[in-house]
Amino acid sequence: MGFARTCSVALVGVDGVVVEVQADLEPGVAAFTLVGLPDKSLTESKDRVRAAVVNSGGEWPQKKLTVGLSPASVPKGGSGFDLAIACAALGASERIDPRVLADIVMIGELGLDGRVRPVRGVLPAVLAAAEAGYEQVVVPESAAAEASLVPGVSVLGVRSLRQLIAVLTDEPVPDEDPDEQGRTDPLAGLRMPGTGAATGMHSMGAAHYDHEHDLADVVGQLSARTAVEVAAAGGHHLLLEGPPGAGKTMLAERLPAILPRLCRSESLEVTAVHSVAGLLPPGKPLVDVAPYCAPHHSATMQALVGGGQGVARPGAVSLAHRGVLFLDETPEFSSRALDALRQPLESGHVVIARSAGVVRFPARFLMVLAANPCPCGRFSQRDSLCECSPSTIRRYQARLSGPLLDRVDLRVEVDRVTRAQLTERGARGETTETVADRVREARARAAARLTDTPWRTNSEVPGRELRSRWYASPGAMDDAERSLERGVLTARGLDRVLRVAWTVADLAGRDRPGVADVTLALQLRTGVPRGVPMAIGASR
């Protein structure tokens, strides 16, 4: 009787569970049994592993082989267990010393020819292995850079099972061509259908923002530009309402460029989510810029918040983690999908319950909503171009529920661009670089104030903490409190006005909010003009 064991990782959302892969050989009729709650794709690994071992020059044992995945109570799926199963079987047949395999975590899919193929979720899997105390990890060569992001772990990238066997047995390592055509295939089998760049669910590089998405390209729209700057500085959600062609999408596309670069911990969080979704950019294992996600208005609730049949997958809110979620034509989204955003907007994560277990995905994002004032888009208080009836306008605007709008800190009306603004020469607004510098300074002030707290931006601080630890100037909140008494603001709305006021003060370089900061915050919150200037940058 032969026995060997090694390890792999089962992913539950973006969290990993180290799984011990045990192989046992007994005399009897040749058979291959896989136990331990495997799903369909994992059950099929029996045929892949057998073919890979034979085509790699190994001898498949003609005995009863039982492979157990422990703990057996954890659901396991995917093809990432192939490499561990093959090595455990070879260890049980004494082709590989079983003692060498015991403390190694192996992640990778096997092709029938023995090549090691990449799988989704390598980074969170290696993070789980490191947290469990493992120091050696074997991954596909194309995923070695991603796995190497985890400190304290020795990573071995292999192209084939033949190479791995040679390394583990101290034999000469054979050379393997990257591909029959001489090209690598780093993303083969990783991209899920319907999650490409055409859906808006992707991470865009900083160079893309710098060269093609500059705030100076936006004509006019001083109020909207100010709201975008405040949103970036404090992490506040934003609603842009205005006619088609006014620049709502342009502003949303330029928002990620003024956000600060992600720190190391944030980059690992974002990269883990994109790795599970199979959306890591080719040749860039670490996502260090704020992601931008813009799903189409026909997206389902599962596409927005995650889920789906079988293993739950991250949705748009998780793909936008630490970045921007842009919902263009927001009233056209289903009310069920929009209302599902309430929980992640408050908690910063999504919890998906399934019969097989509960999955938790991170979802702390900056939401930008864009909406037309009516179905035809031409409704305005200043002219009568709209042909929609009052009841039609009310029904259209009511598609955005009150509880959802109550969670939006900034509401700005984007005006129609005039001919004079469009043809005026030399009157460009501030560039992305200028605004981004101001945003970084404001975030640095907030971070210094929030030192030794679990919060990073003003939008994350609970209202009770703001009221009890960080005070506005005397009398600054009087107007906002009167709005609460008149029912213009809810209690949540009052807290959000105070948060926005702190962000405005940070942008202006003040130690705490004054009357002008709170008034501007009220104007941005309610959308009602209050006679305060909107140009924060120009006032400094």
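As shown above, the structure is provided for reference.
A few points on the structure. Since the structure is predicted, the reported quantities are computational estimates derived from the model, not experimental observations.

### Some thoughts on the pairing of strand 1 (residues 2-12)
Consideration 1: Note that strand 1 and strand 2 (residues 15-26) share 11 bridges and pair antiparallel. Across the sheet, the residue bridging to C7 is E20, located in strand 2.
Consideration 2: Counting the residues in the hairpin turn of strand 1 and strand 2 gives two residues, including G13, whose phi is positive at 70°.

### Focus on the pattern of salt bridges
Consideration 1: Taken as a whole and assessed by the stated rule, the structure comprises 30 salt bridges.
Consideration 2: Of the charged contacts, one joins R438 and E229 as a salt bridge, the two residues approaching to 2.5 Å between their closest N and O atoms. Here R438, found in helix 19 (residues 432-449), pairs with E229, found in helix 9 (residues 222-234); they are 209 residues apart in sequence, far enough to count as distant.
Consideration 3: Where R492 meets E346, a salt bridge forms, and the shortest distance between an N and an O atom there is 3.5 Å. Linking R492 in helix 22 (residues 491-508) with E346 in helix 15 (residues 342-347), this pair joins segments that are 146 residues apart in sequence.
Consideration 4: One salt-bridge network, held together by shared partners, links E346, D406, R407, D409, R492, R496 and R525.

### Side note on the packing of aromatic side chains
Consideration 1: Scanning the entire structure with this criterion turns up two aromatic pairs.
Consideration 2: Aromatic side chains F32 and W60 sit 5.5 Å apart centroid to centroid with 40° between the ring planes, which places their arrangement in the tilted category. Of this pair, F32 sits in strand 3 (residues 31-35) while W60 is found in the loop between helix 2 (45-55) and strand 4 (64-70), placing the two residues 28 residues apart along the sequence. Each of the two residues, F32 as well as W60, counts as buried.
Consideration 3: Between Y292 and F326, the ring centres sit 6.5 Å apart and the planes meet at 25°, which makes this aromatic pair stacked. With Y292 in strand 12 (residues 292-293) and F326 in strand 13 (residues 324-327), this residue pair connects regions lying 34 residues apart in the sequence.

### Observations regarding the packing of helix 5 (residues 122-131) against helix 11 (residues 264-277)
Consideration 1: At their nearest, the axes of helix 5 and helix 11 sit 7 Å apart, and the two run at 120° to each other. Classified by the angle their axes make, helix 5 and helix 11 are oblique. Counting all contacts with helix 5, which are made through V122, L123 and P124, the residues of helix 11 involved are L268, T271, A272, S275 and V276.
Consideration 2: When its residues are assigned to classes, the contact of helix 5 with helix 11 shows six nonpolar, two polar and no charged.

### Quick notes on unusual backbone geometry
Consideration 1: Along the chain, S70 connects to P71 via a cis peptide bond; the corresponding omega equals 10°.
Consideration 2: With respect to the element layout, P71 can be found in the loop between strand 4 and helix 3 (82-92).
Consideration 3: Despite not being glycine, D170 has its phi angle at roughly 60°, a positive value.
Consideration 4: Counting through the fold element by element, D170 comes out in the loop between helix 7 (161-168) and strand 10 (201-202).

### Here's the deal with the nonpolar core
Consideration 1: Ranked by size, the top nonpolar core spans 54 residues in total, and within it L238, L240, L255, I258, V368 and L524 carry the most contacts.
Consideration 2: Contact partners of I258, with chain neighbours within four places excluded, come to L215, V228, E229, A232, T432, V435, A436 and V439.
Consideration 3: The next biggest cluster of nonpolar side chains, apart from the first, holds 38 residues, and it includes A52, V67, L90 and L168.

### Here's the deal with helix 23 (residues 515-526)
Consideration 1: The end-to-end C-alpha distance of helix 23, which contains 12 residues, comes to 16 Å, matching closely the 16 Å that a straight helix rising 1.5 Å per residue would cover.
Consideration 2: Within helix 23, nine of the 12 residues are buried, which leaves it mostly tucked inside the rest of the structure.
Consideration 3: When helix 23 is considered as a whole, its buried residues turn out to be D517, V518, T519, L520, A521, L522, Q523, L524 and R525.
Consideration 4: Buried residues belonging to helix 23 abut helix 9, helix 17 (402-405), strand 17 (410-413), helix 21 (478-485) and helix 22.
Consideration 5: Downstream of helix 23 by one or two residues, G527 has phi in the positive range, about 80°.

### As for the pairing of strand 3
Consideration 1: By the alternation rule, side chains of strand 3 split into F32 and L34, which are all buried, and A31, T33 and V35, of which none is buried.
Consideration 2: In the sheet, strand 3 pairs with strand 4 via five bridges, with the strands oriented parallel. By the bridge assignment for strand 4, A31 is matched with K64.

### Re the side chain of K76
Consideration 1: Turning to its location among the elements, K76 is positioned in the loop between strand 4 and helix 3.
Consideration 2: Put simply, K76 is tucked away with no salt bridge, and the nearest opposite charge, on D39, sits 10 Å away.
Consideration 3: In terms of polar contacts, K76 uses its side chain to reach the backbone carbonyl oxygen of P71, at 2.7 Å.

Thresholds, definitions, all that
Residues numbered from 1 in each chain as written. Predicted model: local features only at pLDDT ≥ 70, side-chain atom pairs only at ≥ 80, totals over all residues. Heavy atoms only, no water. Pairing = 2+ DSSP bridges. Helix = DSSP H or I, 4+ residues; strand = E, 2+ residues; numbered from the N terminus. Salt bridge = Lys/Arg side-chain N within 4 Å of Asp/Glu carboxyl O. Phe/Tyr/Trp six-rings, centres within 6.5 Å; stacked < 30°, edge-to-face > 60°. Buried < 20%, exposed > 50% of the residue type's maximum accessible area, 1.4 Å probe, protein only. Axes fitted to C-alpha atoms, helices over the stretch in contact; angles between N-to-C directions. Parallel < 35°, antiparallel > 145°, perpendicular 65-115°, else oblique. Contact = heavy atoms within 4.5 Å. Nonpolar A, V, L, I, M, F, W, Y, C, P; charged D, E, K, R; others polar. Core = buried A, V, L, I, M, F, W, Y, C linked by side-chain atoms within 4.5 Å. Expected span 1.5 Å × (residues − 1). Lys, Arg positive; Asp, Glu negative; His and termini not counted. Polar contact = N/O pair within 3.5 Å; in protein donor to acceptor, adjacent residues only side chain to side chain.

None of the figures reported here should be taken as evidence of function without further support.
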